Amino acid sequence: MLLRQPRTVTEAQECMAQGAVPIGGATLVWATWQRDGFPELAMSLRELPEATAVEPESLGAAVVLHRIDDRVPEVLRRAAGSVGTGAVRRTATVGGNLVGSSLRCLLPAALVLDARAEVLGPDRPYETDLAEVMAKRHLLLGLRWRTPVASGYRKQPAEAGGPPPLVVATAVHADSEGRHRLRVAVRDGYDVLSETADCDAGSDEALDALERTDIGGLPAGALDVVREQVADILGPLAAR
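Reading the values: the criteria
Residues numbered from 1 in each chain as written. Predicted model: local features only at pLDDT ≥ 70, side-chain atom pairs only at ≥ 80, totals over all residues. Heavy atoms only, no water. Pairing = 2+ DSSP bridges. Helix = DSSP H or I, 4+ residues; strand = E, 2+ residues; numbered from the N terminus. Axes fitted to C-alpha atoms, helices over the stretch in contact; angles between N-to-C directions. Polar contact = N/O pair within 3.5 Å; in protein donor to acceptor, adjacent residues only side chain to side chain. Contact = heavy atoms within 4.5 Å. Buried < 20%, exposed > 50% of the residue type's maximum accessible area, 1.4 Å probe, protein only. Arc of directions from axis to C-beta. Core = buried A, V, L, I, M, F, W, Y, C linked by side-chain atoms within 4.5 Å.

Draft legend 1. Representation of the sheet that holds strand β2 (residues 21–23) in the model. Strand order across the open sheet formed by three strands is β1-β3-β2, with parallel pairing between neighbours. Of all the strands in the sheet, just β1 (2–4) and β2 have a single pairing partner and so form its edges. Here the strands of the sheet are splayed against their neighbours by 35 degrees on average, with no regard to which way each runs. Note that β2 and strand β3 (residues 41–44) share three bridges and pair parallel. The partner of P22 across the bridge, within β3, is M43.

Draft legend 2. Local environment of the side chain of R183. Its place among the elements puts R183 in strand β11 (residues 180–188). For R183, the side chain forms a polar contact with the main-chain oxygen of L111, separated by 3.1 Å. Setting aside residues up to four positions removed in sequence, R183 forms contacts with L111, V112, D114, A169, T170, A171, H173, S194, E195 and T196.

Draft legend 3. View of the pairing of strand β7 (residues 125–128). Sheet topology places strand β6 (residues 116–120) next to β7; four bridges connect them, and they run antiparallel. Within β7, the residue paired with E118 across the bridge is E127.

Draft legend 4. Expanded view of unusual backbone geometry. A positive phi angle is found at D114, which is not glycine, with a value near 55 degrees. Relative to the helices and strands, D114 resides in the loop between α6 (107–112) and β6. Since its relative accessible area comes to 46%, D114 is described here as partly exposed.

Draft legend 5. Representation of helix α8 (residues 203–210). The set of residues buried in α8 consists of A206, L207 and L210. Down the axis of α8, the buried set is contained in an arc of 100 degrees. They therefore lie on one face.

Draft legend 6. Looking closely at the nonpolar core. Membership of the largest hydrophobic core comes to 38 residues, with the highest contact counts inside it found for V94, L98 and L143. Among the elements that take part in this core, α6 stands out by supplying five residues, more than any other. With residues near it in sequence (within four places) discarded, L98 still touches R104, L106, L107, M134, L140 and L143. The next biggest cluster of nonpolar side chains, apart from the first, holds 22 residues, and it includes L166, V186, L210 and A222.

Draft legend 7. Just the environment of R116, in detail. Locating R116 in the fold gives a position in strand β6. When the C-alpha positions of R116 and V133 are compared, they lie 9.8 Å apart, and in sequence the two are 17 residues distant. Setting aside chain neighbours within four positions, we find R116 in contact with E127, T128, D129, G142, L143 and R144. There is a polar contact of 3.3 Å between the side chain of R116 and the side chain of E127.

Draft legend 8. Focus on the environment of D191. If you trace the backbone, D191 turns up in strand β12 (residues 191–198). Residue D191 is classed as exposed on the basis of its relative accessible area, which comes to 57%.

Draft legend 9. Summary view of the sheet that holds β12. The antiparallel open sheet is built from four strands, whose spatial order is β9-β10-β11-β12. Every other strand in the sheet has two partners, leaving β9 (150–155) and β12 as the edge strands with one partner each. Neighbour to neighbour, the strand axes of the sheet diverge by 10 degrees on average, direction disregarded. As paired elements, strand β10 (residues 167–174) and β11 share eight bridges and run antiparallel to each other. By the bridge assignment for β11, T170 is matched with V184. Here helix α3 (residues 74–81) sits on the sheet in contact with β9 and β10, set at roughly 20 degrees to β9. Contacts from α8 reach β11 and β12 within the one sheet, and its direction differs from that of β12 by about 130 degrees.

Rendered as structure tokens:
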């Protein structure tokens with residue numbers, strides 16, 4: 001297998017045109033390659049500046065999870081810190097987790113940040129939403145978002161080898177007129193739900209609104225965790 005490491009977007013596009021298989025840490029594909037054979041040409045984005053940024057409002061797709069620190073919002077930092085073991089987090093990448101994994105542990109955090117994805121198309125990089133990235137498995141360059149007022153994250157304990165653990169991510173955003181919106185994303189099994197509610201009137205009203213959406217159809221235990229997370233994030237804001 002020949003591994004290319006482009007240093008510019010143009011070089012990355014050339015690799016794509018040659019049929020290079022994108023890889024990050026290869027944590028999700030290595031066993032498959034050992035069984036079925038390695039690709040002739042692979043491409044890593046770890047030398048591409050656009051894919052290696054860690055900033056308050058952006059995160060590159062080639063960033064390994066253990067590098068995600070307090071430069072990014074709490075919800076994203078905690079989501080990355082909950083993935084696998086330390087050895088996995090030193091190898092697995094943002095892009096691999098979002099596009100290559102069925103668990104997509106970072107997806108709830110990205111959704112509540114209302115993140116936009118920068119992807120590399122055949123002709124140019126362009127911005128799109130996360131739904132398109134998940135559906136079409138684009139080559140992800142990175143994520144961008146606006147800093148939230150507050151954010152939070154909870155991942156329930158789970159047995160190894162069992163069903164995916166419940167994840168609840170939350171974030172509060174302020175608009176240009178000072179009004180606040182609460183975004184909640186829940187991973188229940190392999191499904192991810194994301195909803196938004198006004199939250200200036202308090203947590204009870206926000207929860208009432210959320211429970212009239214698909215989130216209200218979650219199992220009782222999962223809905224209890226959502227209620228706790230909403231209270232945790234909105235309580236300190238109400239006291240300001």
